[in-house]
2 protein chains.
Amino acid sequence: MISDEQHIVSAYDRELESIQALVMKMGGLVEAAILDGARALETRDLELADKVRRGDRTIDELEERINEECARTIALRAPVSADLRVLLTVFRLSGSLERVGDYAKNMAKRTSVLAEMRPIQGADAATRRMAREVQLMLKDTLDAYIRRDAQLAEDVRQRDHDIDQMYNALFREFLTFMMEDPRNITACMHLLFIAKNVERMGDLVTNMAEQVIYLVTGTMPEDTRPKGDETSFMGAEDEDD
Amino acid sequence: MISDEQHIVSAYDRELESIQALVMKMGGLVEAAILDGARALETRDLELADKVRRGDRTIDELEERINEECARTIALRAPVSADLRVLLTVFRLSGSLERVGDYAKNMAKRTSVLAEMRPIQGADAATRRMAREVQLMLKDTLDAYIRRDAQLAEDVRQRDHDIDQMYNALFREFLTFMMEDPRNITACMHLLFIAKNVERMGDLVTNMAEQVIYLVTGTMPEDTRPKGDETSFMGAEDEDD
């Protein structure tokens, strides 16, 4: 005969599994938004850009649902410390996913503006490559979460450095284009914001990976990760060459 | 004689009060970082900028401590639904505060770069006015939280529209400066990122105000708030005039 406690435990497990399934669904939608957003930008596909913008509502709704179910499960089950940590991690992961989704939406918004301007050589392809890297980082972070794989999460964390380097190179390139021809300024501004947003997506995914490491190991990784956007420190002499 | 339950309830109240005191302390530091960051930018005060950068560590540490104490209280006290909602709100507020602090730090970082460039007429003062508005919004949001004042939080929410308008005006101005003289481009790029970051601070504070409304009324405000950054939609013709 099954005891009451076992009944409760398995109900809790089912709830947790269903919440995790929602997070994975949300993660999948955000991954698609990153890729579609970058592809829409590169091909100036306004229909696809519009799909990304409309799709953000579903992502936002999923976040709210995940948060509600987390809160409900905590309130109903009063989970022990380890389980509570999982739920609070989910709470944070869904918050970060929502913000990554917002950046993808913003990329799609700017695409409709950029479609009316003359293209900047190579910028869209470089941005898409950057976005593709971030999407892969996100995929690995979600895998690391499900498999409780701190090593994979640490790997993601290290890869953020590549994103930062790609962004710094683009920053320099856009400045050069603007200096060469003032007619490039408006387009470059939008492209620069997009590139910066992709860099921020990388930061958010890196934070998510750190949450996973904390969940698995119980300690936050040491801050040995090379720090992000160097352009805040760039003097004119660095950026003009 | 005091019952065991009363003992537990008052211990919980004390814990909650101590967590809320930490949030207020964190909020005060973030308010100061916004004001100091903007003042350092305007006066090119590198010492003050450096103070803001170093101060961000304290803000980050407070966030971690708040999160730990929230998690511990939830785990130990298994609070009822209403109390749990307060703790989860605190969890979110501290996360938003930490991000506002990051933007202030970024403003301070860029100040040291900008100090080496020629000033852009009026830009720093306009940015400081915007930052001042955001700081007041934050102050009112924290007051609204403590007093459980949904009306004040709603007021903050409406004021975000002013921040967006200030940002849109600055965006146009910077583009004009860049077009007029390519030697302004690098400085304007940094100023534009700073202005965008202040606009994002406003968005974060608005989200915090919405969390307070949700905490007090139990429902999220309707999405009637005028939407943020119009520049994502601006065509060249809008921005060039």
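Residues numbered from 1 in each chain as written. Chains lettered and ligands numbered in written order. Predicted model: local features only at pLDDT ≥ 70, side-chain atom pairs only at ≥ 80, totals over all residues. Heavy atoms only, no water.

(A) The overall build of chain A, seen in detail. Helix and strand content of chain A: seven helices and zero strands. The secondary structure elements of chain A, listed N-terminal to C-terminal, are α-α-α-α-α-α-α. Summed over its atoms, the accessible surface of chain A is roughly 10,500 Å², and 49% of this surface lies on carbon and sulfur atoms. (Helix = DSSP H or I, 4+ residues; strand = E, 2+ residues; numbered from the N terminus. Areas by Shrake-Rupley, 256 points an atom, 1.4 Å probe, with all protein chains shown as cover.)

(B) Quick look at the nonpolar core. If you look at the biggest cluster of nonpolar residues, it comprises 152 residues, and the most contacted ones within it are Met178 and Met189 of chain A together with Met178 and Met189 of chain B. For Met178 of chain B, the contacting residues outside a window of four places in its chain are Met178, Ile185 and Met189 of chain A together with Asn184, Ile185, Cys188 and Leu192 of chain B. (Core = buried A, V, L, I, M, F, W, Y, C linked by side-chain atoms within 4.5 Å. Buried < 20%, exposed > 50% of the residue type's maximum accessible area, 1.4 Å probe, protein only. Contact = heavy atoms within 4.5 Å.)

(C) Region of the structure containing the environment of Met178 of chain B. Relative to the helices and strands, Met178 of chain B resides in helix α5 (residues 150-180). A sequence separation of 11 residues divides Met178 of chain B from Met189 of chain B, and the C-alpha atoms of the two residues are 8.8 Å apart.

(D) Layout of helix α6 (residues 185-217) of chain B. All names here are of chain B. Given a rise of 1.5 Å per residue, 33 residues ought to cover 48 Å, and the 47 Å separating the end C-alpha atoms of α6 matches this to within 8%. Counting buried positions over the 33 residues of α6 gives 28, a clear majority of the element. Where α6 ends, the next residue or the one after it, Gly218, has phi of about 85°, a positive value. (Expected span 1.5 Å × (residues − 1).)

(E) Structural view of the packing of helix α2 (residues 46-77) of chain A against helix α3 (residues 81-114) of chain A. All names here are of chain A. Relative orientation of the contacting elements α2 and α3 amounts to 165°, with a least axis distance of 9 Å. For the element pair α2 / α3, the angle class is roughly antiparallel. Between α2 and α3 lies a crossing whose hand is left-handed. (Axes fitted to C-alpha atoms, helices over the stretch in contact; angles between N-to-C directions. Parallel < 35°, antiparallel > 145°, perpendicular 65-115°, else oblique. Left-handed = near helix turned anticlockwise from the far one by under 90°.)

(F) Seen up close, α2 of chain A. Residue and element names in this part refer to chain A. The terminal C-alpha atoms of α2 lie 47 Å apart, and with 32 residues this matches the ideal 46 Å at 1.5 Å per residue to within 8%. Its side-chain oxygen 3.2 Å from the backbone nitrogen of Glu47, Asp45 forms the N-cap of α2. Taken from the residues just after α2, Ala78 is the one with a positive phi, measuring 40°. (Polar contact = N/O pair within 3.5 Å; in protein donor to acceptor, adjacent residues only side chain to side chain.)

(G) Examining the packing of helix α5 (residues 150-180) of chain A against α6 of chain B more closely. α6 of chain B packs onto α5 of chain A with a crossing angle of 130° between their chain directions and a minimal axis gap of 10 Å. Overall, the two elements α5 of chain A and α6 of chain B adopt an arrangement that is oblique. Viewed along their axes, α5 of chain A and α6 of chain B form a crossing whose handedness is right-handed. Residues Tyr167, Phe171, Leu175, Met178 and Met179 of chain A of α5 of chain A form the contact with α6 of chain B, whose participating residues are Ile185, Thr186, Met189, His190 and Phe193 of chain B. Of the residues belonging to the contact of α5 of chain A with α6 of chain B, the class tally is eight nonpolar, two polar and no charged. (Nonpolar A, V, L, I, M, F, W, Y, C, P; charged D, E, K, R; others polar.)

(H) Representation of the pattern of salt bridges. Scanning the entire structure with this criterion turns up 36 salt bridges over all chains. Asp36 of chain B is the partner of Lys51 of chain B in a salt bridge, and the nearest nitrogen-oxygen pair spans 3.4 Å. Here the residue Lys51 of chain B occupies a position in helix α2 (residues 46-77), and Asp36 of chain B occupies one in helix α1 (residues 4-43), the gap between them amounting to 15 residues. We classify Asp36 of chain B as buried; its relative accessible area is 14%. Connected via shared salt-bridge partners are Asp36, Arg39 and Lys51 of chain A. (Salt bridge = Lys/Arg side-chain N within 4 Å of Asp/Glu carboxyl O.)

(I) Examining the layout of surface pockets more closely. Residues and elements named next belong to chain A. The volume enclosed by the second largest pocket comes to roughly 190 Å³. For the second largest pocket, the full set of lining residues is Leu29, Ala32, Ala33, Asp36, Lys51, Val52, Gly55, Asp56, Thr58, Ile59 and Gly101. Of all the secondary-structure elements, those providing two or more residues to the lining of the second largest pocket are α1 (4-43) and α2. Grouping the constituent residues of the lining of the second largest pocket by class yields five nonpolar, three polar and three charged. (1 Å grid on protein atoms, 1.4 Å probe; cavity = no way out; pocket = protein on both sides within 12 Å on 5 of 7 lines; lining within 4 Å. Points joined across faces, edges and corners; volume = space filled by probe spheres on them.)

(J) View of the packing of aromatic side chains. One pass over the full model with this rule turns up five aromatic pairs over all chains. Between Phe171 of chain A and Phe193 of chain B, the ring centres sit 6.5 Å apart and the planes meet at 20°, which makes this aromatic pair stacked. Note that Phe171 of chain A is positioned in helix α5 and Phe193 of chain B in helix α6, a pairing that runs across two chains. Phe193 of chain B matches Phe171 of chain A in its accessibility class, with the two residues each being buried. Through a chain of ring-to-ring contacts, the aromatic side chains of Tyr167, Phe171 and Phe193 of chain A together with Phe193 of chain B assemble into a single cluster. We note Lys196 of chain B situated over the ring of Phe193 of chain A; from NZ or CZ to the ring centre the distance is 6.0 Å. (Phe/Tyr/Trp six-rings, centres within 6.5 Å; stacked < 30°, edge-to-face > 60°. Lys NZ or Arg CZ within 6 Å of the ring centre and 35° of its normal.)

(K) Molecular detail of the confidence of the model for chain A. All names here are of chain A. When pLDDT is averaged along chain A, the result is 88, and 88% of the positions lie at 70 or above. Per-element mean pLDDT across chain A ranges from 29 in helix α7 (residues 236-240) up to 96 in helix α4 (residues 123-147). Contacts for the low-pLDDT stretch residues 235-241, under 50 throughout, to residues beyond four places or in other chains number 18 contacts. (pLDDT = per-residue confidence, 0-100.)

(L) Focus on the side chain of Arg200 of chain A. Checked against the element boundaries, Arg200 of chain A lands in helix α6 (residues 185-217). Buried charge without a partner: Arg200 of chain A forms no salt bridge, and the closest opposite charge is Glu199 of chain A, 5.6 Å away. (Lys, Arg positive; Asp, Glu negative; His and termini not counted.)

(M) Here's a closer look at the side chain of Gln211 of chain B. Residue and element names in this part refer to chain B. In this fold, Gln211 is placed in helix α6. In this structure Gln211 comes out as buried when scored by relative accessible area, which is 12%. Excluding residues that lie within four positions of it along the chain, Gln211 makes contacts with Thr89, Arg92, Leu93 and Met220.

(N) Fine view of the environment of Glu15 of chain B. Residue and element names in this part refer to chain B. Relative to the helices and strands, Glu15 is located in helix α1. On the basis of relative accessible area, Glu15 is assigned to the buried category, the value being 16%. Spatially, the C-alpha atoms of Glu15 and Cys70 are 9.0 Å apart, while their sequence positions differ by 55 residues. Contacts of Glu15, omitting those with residues within four sequence positions, involve Thr73 and Arg77. A distance of 2.5 Å separates a polar atom in the side chain of Glu15 from a polar atom in the side chain of Arg77.

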